Amino acid sequence: MNFKEFGRTGKKISAMGIGTWDIGSDIDKNVESIKYAIENGINFIDTAEMYGTEPVVARAIRSYSRSDLFIATKVWPDHFQHDSVIKACNDSLNKLQTEYIDLYQLHWPSKSVPISETMKAMEELMDQGKIHHIGISNFTLEQTKMAMESMKKYEIVSNQIEYNIVTRDIERSGLYTFCKNNKIAMIAYSPLSHGKILSQSKLVDQLAKMAIPYDATPSQMALAWLINRDDVFPIPKASNKDHMKEDIASADIKIKTEDMKKMDEIESKFYVAPIASRQSSR
Ligand SMILES: NC(=O)c1ccc[n+]([C@@H]2O[C@H](COP(=O)([O-])OP(=O)(O)OC[C@H]3O[C@@H](n4cnc5c(N)ncnc54)[C@H](OP(=O)(O)O)[C@@H]3O)[C@@H](O)[C@H]2O)c1
């Protein structure tokens, strides 16, 4: 498994994580799937209080050494007031059956609670050792800068955003370059565009042709395009074990620079707008 440095944390984690949103109701199957990922080199698992999958993650990780894993979860904007953040974190710790969260993320920016109030609570959680790093999610460039300015003692180490080969809005907004320059890790959610990349036959054909020299599949090429960027960590979701197996194998594919450039051209033909542009911030 390819391991990469995660932002300014000084930690190396698997170049790909796994997402746990919308994994379906078969808990035993989901637990087995996460365990399969861990046994095949993945140590980064992403969940959220809103997904309802923290107890599933708890069951999957309990037989592994906690210090080998990097567990990320998120607090929902309804809980961004100071005391609610503290309570939400304690609830997540209970559901995850763990003493600490490696990465605690603000799930979406809030329109109603000042970021300074939320970050004050996040920094207290850092002081108490309940969380080891602070991240944000779905924050625009301006919102990221404001969040950084609100920090008193600690740094924001990551921004989780929608980013994939057909949705590259973060490059045009300047967020991508800003994160790179500030060594903020980018966790790429919906790395397969929520499955849309694999439902467009012309795009699949194009990726299949590019995949031949790498002995790879179209979905692996789409994931490897992200993994081959230094500060980007895709978190695909796969309920199907064969999909999971295929996705994990993409972490070790090294795409040549000239092929990365050819793949850069794909978005202009197959663009999909990000969820964030279709929803208002909370
Ligand atoms: N921070 C946020 O606001 C936010 C928003 C959205 C998502 N996320 C995170 O990102 C994770 C992933 O995003 P996502 O679930 O939207 O989409 P995704 O990972 O881009 O796509 C998931 C879809 O692709 C399919 N798939 C996965 N691997 C495949 C393969 N090798 N071949 C064929 N199909 C494959 C899955 O099918 P099967 O399930 O049948 O295997 C599923 O239908 C989520 O689980 C969540 O953790 C975060």
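Placed above this text is the structure.
Residues numbered from 1 in each chain as written. Predicted model: local features only at pLDDT ≥ 70, side-chain atom pairs only at ≥ 80, totals over all residues.

As for the overall build of the protein chain
Rules: In DSSP terms, a helix is any run of H or I states spanning at least four residues, a strand is any run of E spanning at least two, and both are numbered starting from the N terminus. With the radius of gyration taken over C-alpha atoms, the globule rule is written as 2.2 Å times the number of residues to the power 0.38. Any pair of residues counts as being in contact when their C-beta atoms, constructed from backbone geometry, are within 7 Å of one another.
A count of helices and strands for the protein chain gives 13 helices and ten strands. Taking 19 Å as the expected radius of gyration for a compact globule of 282 residues, we find that the protein chain reaches 18 Å, a close match to that expectation. In terms of its C-alpha atoms, the protein chain occupies a principal-axis envelope of roughly 55 × 40 × 30 Å. Of all intrachain contacts in the protein chain linking residues separated by at least 6 positions in sequence, the fraction that spans at least 24 positions is 78%.

Brief notes about the site of the ligand
Definition in use: By definition, a residue lies near a molecule or strand when the C-beta atom built from its backbone is within 6 Å of it. As a working rule, the residues Ala, Val, Leu, Ile, Met, Phe, Trp, Tyr, Cys and Pro are called nonpolar, Asp, Glu, Lys and Arg charged, and the rest polar, with Gly in that last group.
With respect to spatial proximity, 26 residues lie near the ligand, and among them Gly19, Trp21, Tyr189, Leu192 and Lys237 are the closest. Counting residues per element, the shell around the ligand draws most heavily on helix H10 (residues 241-249), at three residues. Grouping the amino acids of the shell around the ligand by side-chain chemistry returns eight nonpolar, 13 polar and five charged.

With respect to the environment of Val113
Topologically, Val113 is positioned in the loop between strand E6 (103-106) and helix H4 (115-127). Separated by 34 residues in the primary sequence, Val113 and His79 place their C-alpha atoms 9.3 Å from one another. Among residues more than four places away in sequence, those in contact with Val113 are Phe80, Gln81 and Thr118.

Side note on the packing of helix H9 (residues 218-227) against H10
Here is the rule: A fitted line through C-alpha atoms serves as each axis, taken over the contacting stretch for helices, and the angle formed by two N-to-C directions is quoted from 0 to 180°. An angle below 35 degrees is read as roughly parallel, one above 145 as roughly antiparallel, one from 65 to 115 as roughly perpendicular, and any other as oblique. Handedness of a crossing follows from how the near helix is turned relative to the far one, being left-handed for an anticlockwise turn of less than a right angle and right-handed for a clockwise one.
For the pair H9 and H10, interaxial distance at closest approach is 8 Å and the crossing angle is 45°. Overall, the two elements H9 and H10 adopt an arrangement that is oblique. Crossing hand, H9 versus H10: right-handed. Contacts between H9 and H10 involve Ser219, Gln220 and Leu223 from the first element and Glu246, Asp247 and Ala249 from the second.

So, the packing of helix H3 (residues 82-96) against H4
Two elements in contact, H3 and H4, have axes separated by 8 Å at closest approach and are oriented at 40°. Relative to H4, H3 is oriented oblique. In this structure, H3 crosses over H4, and the sense of that crossing is right-handed. Residues His82, Val85, Ile86 and Cys89 of H3 form the contact with H4, whose participating residues are Glu117, Thr118, Lys120, Ala121, Met122 and Leu125. For the contact of H3 with H4, the residue count by class is six nonpolar, two polar and two charged.

Focus on the environment of Ser63
For clarity, the threshold we go by: Exposed residues have 12 or fewer other C-beta atoms within 10 Å of their own C-beta, buried residues have 20 or more, and residues in between are partly exposed; the C-beta atoms are placed from the backbone.
Residue placement: Ser63 occurs in the loop between helix H2 (54-61) and strand E5 (70-75). By C-beta crowding, Ser63 is classed as exposed, having 8 other C-beta atoms within 10 Å. For Ser63 and Gln81, which are 18 residues apart along the polypeptide, the C-alpha to C-alpha distance reads 35 Å.

With respect to the sheet that holds strand E9 (residues 185-189)
Backbone-to-backbone hydrogen bonds join strands into a sheet, with any given pair of strands oriented parallel or antiparallel. Heads up, the rule is: In this analysis, strands are considered paired if DSSP registers two or more bridges between them.
Spatially, the eight strands line up as an open sheet ordered E3-E4-E5-E6-E7-E8-E9-E10, and their pairing is parallel. Here the strands that pair on one side only, and so sit at the sheet edges, are strand E3 (18-19) and strand E10 (232-234). As defined by bridge partners, E5 adjoins E6 across four bridges and the pair is classed as parallel. In the sheet register, Val75 faces E6, and the bridge partner there is Leu106.

Some remarks on the nonpolar core
Rule in force here: The nonpolar core criterion groups buried Ala, Val, Leu, Ile, Met, Phe, Trp, Tyr and Cys residues into a set whenever they are joined through C-beta atoms within 7 Å.
By size, the foremost hydrophobic cluster in this structure holds 74 residues, and its most contacted members are Tyr104, Met186, Ala188 and Phe233. Looking at this core element by element, the count peaks at seven residues for H9.

Points about the pairing of strand E7 (residues 134-137)
To keep things clear, this is the line we draw: We call a crossover right-handed when, viewed with both strands directed away from the observer, the connection leading from the first strand over the helix to the second proceeds clockwise.
Covered by surrounding structure in E7 are Ile134 and Ile136 together with Gly135 and Ser137, the residues of both alternating faces. One ladder, built from three bridges, connects E6 with E7; its direction is parallel. Within E7, the residue paired with Gln105 across the bridge is Gly135. Of the crossover connections in this fold, the one passing from E6 over H4 to the parallel E7 is right-handed.

Describing H9
Burial of H9 is extensive: ten of the ten residues sit out of reach of the surface. The inward-facing, buried residues of H9 abut E9, helix H8 (201-211), E10, H10 and helix H11 (257-264).

Points about H2
Which entries qualify depends on this criterion: Comment: arc refers to directions from the helix axis out to C-beta atoms.
Of all the residues in H2, the buried ones are Glu54, Val56, Val57, Ala60 and Ile61. Considered in projection along H2, the buried side chains sweep an arc of 155° and stay on one side of the axis. Where the residues of H2 are buried, they touch helix H1 (27-39), strand E4 (44-46), E5 and H3.

Comments concerning the environment of Ala188
Position of Ala188 relative to the elements: it lies in strand E9. Classification of Ala188 as buried rests on a count of 24 C-beta atoms within 10 Å. The spatial distance from the C-alpha of Ala188 to the C-alpha of Met151 is 23 Å, given a sequence separation of 37 residues. For Ala188, the contacting residues outside a window of four places in its chain are Tyr163, Asn164, Leu226, Val232, Phe233, Pro234 and Ile235.

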